[in-house]
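Listed here are the chains, written in short residue letters.
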Amino acid sequence: MAEYTQQQLLDLVNTVQVAPGNARVRALTQRIVSDLFKTIDEMDVSADEFWSAVDWLSRLGASGQTGLITAGLGFDRLLDIRADEADQKAGRVGGTPRAIEGPLFVAGAPTAKAEVRVDEGEPRGEVFVMEGQVLDLAGQPVPHAMVDVWHANEQGGYSHFFPGMKPYELRRRIETDAQGQYRFRTALPPGYSIPPNSPTSELFEALGRHGHRPAHIHFLVVAPGKRTLTTQVNIPGDTYIDDDFAFATRDGLVVELERDVAPAGYESLGITQPFVRSRFNFVLQNAVTEDEALPLTRMERVKA
Ligand code: MBD
Ligand code: FE
C-alpha cells in the first residue's frame, strides 16, 4: 500500500524500523512528530508556512543561536522549575537557588586563587567588586571551591561570541581560599539584548516580544563533595529585572549594591577610589552522587 491517510502515515513514520535503535530517542521522536502532525492539521499550516519555518530553523542552527531561542521560549527555566520540583520531593532543600546557565558559558577560563580582576585591568564602567564565601548548608566555609564567573561587557557582549573581544575576556575561575572566600573586581555589567537582524530577533519580532535581559552575572560553582551550582545574580535597578526575556530572575538572587565603599583593603585589585561592592555567599548542598560534584561533561562543554 502506498496511499495513506494522515493517521496511516503517522503510524508508519512512528513504527518503521530495521534495528532496535534507541528506545528513548524513538519514544521522544514519536511524540514530537505526532504533536507536529496534529499542529499542522489543526492549525491548517500551509506548505509555504511549513517550508519557511524549516528555512528559519536551518538559519537558526547555522547562526549558533539555538540556545537563545530555548531560553527565550522558557525551556531553560522550565528545566530549572522541574529540577526544583524534584529536589522538593526528595527533600533536598536549602542553599543558593539555581538559575539558568544560558547559552554563553565557555569552559576553561583562566584560574586565580581567592581574588582576580575579571576585567583584565581595562576598566570600562563603574568599578564593582563582588565578594563573599562559598559555604555548605551548615554554614561552614568550603575551601578550594571553583567559582566560574562570566558576564557581558559594556555593550552587552560576551567574549567568544561577540566580535572584537579577547578570548576569555570577562570570564574567570576563582578558587576559594581556606576560609571559602572569593572576590573579584569588574565593571558593573549592563543588560543583554538578542542580536538584531538575526533568526532569533525575527521570531521575537513576529511574536511581538522584546529580547532583553536585565543586568546579570553568571556563576558555576564546583567543589569536592558538593553539588554543582549553576546560578546567576541580578544587579538591582534594571528596567527588565522583572521582565527578563529568558524568565530567569529569582528571589534571593538580586544582589544588594553598596555604593561609595572606601578603597582601603582593595589595593590588590587596583582600587584607589570609592567603588561599588556587593557581598554574596554561595551556599552549596552536599552531593548525593559523584556526578553531581564532578560535572566533567559540563566543564568541558563549549556551547555555541
Ligand atoms: C544571555 O546573556 C543569557 O544569560 C541568556 C540566558 C540568554 C541570552 C543571553
Ligand atoms: Fe547572560
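Going by the structure above, here's the rest.
Computed from a predicted structure; not experimentally measured.

What counts and how
Residues numbered from 1 in each chain as written. Chains lettered and ligands numbered in written order. Predicted model: local features only at pLDDT ≥ 70, side-chain atom pairs only at ≥ 80, totals over all residues. Heavy atoms only, no water. Near = heavy atom within 4 Å. Polar contact = N/O pair within 3.5 Å; in protein donor to acceptor, adjacent residues only side chain to side chain. Areas by Shrake-Rupley, 256 points an atom, 1.4 Å probe, with all protein chains shown as cover. Donors = N, O, S within 2.8 Å, 3.2 Å for Na, K, Ca; no water. Buried < 20%, exposed > 50% of the residue type's maximum accessible area, 1.4 Å probe, protein only. Helix = DSSP H or I, 4+ residues; strand = E, 2+ residues; numbered from the N terminus. Pairing = 2+ DSSP bridges. Phe/Tyr/Trp six-rings, centres within 6.5 Å; stacked < 30°, edge-to-face > 60°. Patch = residues over 30% accessible without salt bridge, like charges linked within 9 Å, V, L, I, M, F, W, Y side chains within 5 Å. Salt bridge = Lys/Arg side-chain N within 4 Å of Asp/Glu carboxyl O. Core = buried A, V, L, I, M, F, W, Y, C linked by side-chain atoms within 4.5 Å. Contact = heavy atoms within 4.5 Å. Axes fitted to C-alpha atoms, helices over the stretch in contact; angles between N-to-C directions.

### Focus on the site of ligand 1
Logical step 1: Close to ligand 1 lie Leu 68, Ile 100, Gly 102, Pro 103, Leu 104, Tyr 158, Tyr 192, Arg 213, His 216 and His 218.
Logical step 2: Between ligand 1 and the protein, one listed contact pairs an oxygen atom with a side-chain N or O atom of Arg 213 at 2.6 Å.
Logical step 3: Between His 216 and ligand 1, the recorded distance is 3.1 Å, taken from a side-chain N or O atom to an oxygen atom.
Logical step 4: Protein chains shield 100% of the accessible area of ligand 1, which is 260 Å² for the free molecule.

### A closer look at the coordination of the iron ion (ligand 2)
Logical step 1: Bound to the iron ion (ligand 2) are the protein donor atoms Tyr 158 (OH), His 216 (NE2) and His 218 (NE2), situated 2.0 to 2.1 Å from the metal.
Logical step 2: Relative accessible area serves as the criterion here: at 3%, His 216 is assigned to the buried category.

### Re the environment of Lys 226
Logical step 1: Note on placement: Lys 226 falls in the loop between strand E9 (216-222) and strand E10 (229-234).
Logical step 2: On a C-alpha basis, the gap between Lys 226 and Asn 286 in space is 4.4 Å, while along the polypeptide they are 60 residues apart.
Logical step 3: One polar contact links Lys 226 to Asn 286, side chain to side chain, over a distance of 2.8 Å.

### Observations concerning the pairing of strand E4 (residues 146-150)
Logical step 1: The buried fraction of E4 is high, at 5 of 5 residues.
Logical step 2: Neither face of E4 is left uncovered, since the one carrying Met 146, Asp 148 and Trp 150 and the one carrying Val 147 and Val 149 both have all their residues buried.
Logical step 3: Where E4 lies against E9, 5 bridges are found, and the strand directions are antiparallel. Along E9, the bridge assignment pairs Asp 148 with Leu 220.

### Quick notes on the packing of aromatic side chains
Centre-to-centre distance and the angle between the planes together describe a pair of aromatic rings.
Logical step 1: Applying the stated criterion to the full structure yields 10 aromatic pairs.
Logical step 2: Through pairs of rings, three or more aromatic residues link up here, namely Tyr 182, Phe 184, Phe 219, Phe 280 and Phe 282.

### Digging into a nonpolar patch on the surface
Logical step 1: The grouping of Leu 28, Ile 32, Leu 36, Ile 40, Phe 50, Trp 51 and Val 54 at the surface amounts to a nonpolar patch, some 630 Å² of accessible area in total.
Logical step 2: Among the elements that make up the nonpolar patch, the one with the highest residue count is helix H2 (residues 23-42) (4 residues).
Logical step 3: Mapping Val 54 onto the fold places it in helix H3 (residues 47-63).

### Some thoughts on unusual backbone geometry
Logical step 1: Notably, Asp 44 is not glycine yet its phi reads approximately 50 degrees, a positive angle.
Logical step 2: By the secondary structure assignment, Asp 44 is in the loop between H2 and H3.
Logical step 3: We note that His 144 has phi near 60 degrees; this positive angle belongs to a residue other than glycine.
Logical step 4: Position of His 144 relative to the elements: it lies in the loop between strand E3 (127-136) and E4.
Logical step 5: Classification of His 144 by relative accessible area gives exposed; the value is 51%.

### A word on the nonpolar core
Logical step 1: Ranked by internal contacts, the top residues of the largest apolar core, which has 31 residues, are Met 130, Val 134, Phe 184, Phe 219, Val 221, Phe 280 and Phe 282.
Logical step 2: Elements supplying a minimum of two residues to this core: E3, E4, strand E6 (181-187), E9, E10 and strand E13 (282-284).
Logical step 3: Every residue in contact with Val 221, bar those within four places of it in the chain, is listed here: Val 134, Met 146, Val 147, Arg 227, Thr 228, Leu 229, Phe 282 and Leu 284.
Logical step 4: Residues Ile 100, Phe 105, Trp 150 and Phe 204 belong to the second largest nonpolar core, which totals 20 residues.

### A word on the pairing of E9
Logical step 1: Burial runs high along E9: 7 of the 7 residues are buried.
Logical step 2: A two-sided burial pattern is seen for E9, the buried positions comprising His 216, His 218, Leu 220 and Val 222 on one face and Ile 217, Phe 219 and Val 221 on the other.
Logical step 3: The pairing of E9 with E10 spans 6 bridges and is classified as antiparallel. Bridged to Phe 219 within E10 is Thr 231.
Logical step 4: Here E9 folds back onto E10, and the loop between the two strands holds 6 residues, one of which, Gly 225, carries a positive phi near 75 degrees.

### Description of the sheet that holds strand E1 (residues 111-113)
Logical step 1: What the 5 strands build is an open sheet, ordered E1-E5-E4-E9-E10; its pairing is mixed. Edge positions in the sheet fall to E1 and E10, since each has one partner strand and no second. Neighbouring strand axes in the sheet, compared pairwise and without regard to direction, differ in orientation by 25 degrees on average.
Logical step 2: Note that E1 and strand E5 (residues 171-175) share 3 bridges and pair parallel. Across the sheet, Lys 113 pairs through a bridge with Glu 175, a residue of E5.

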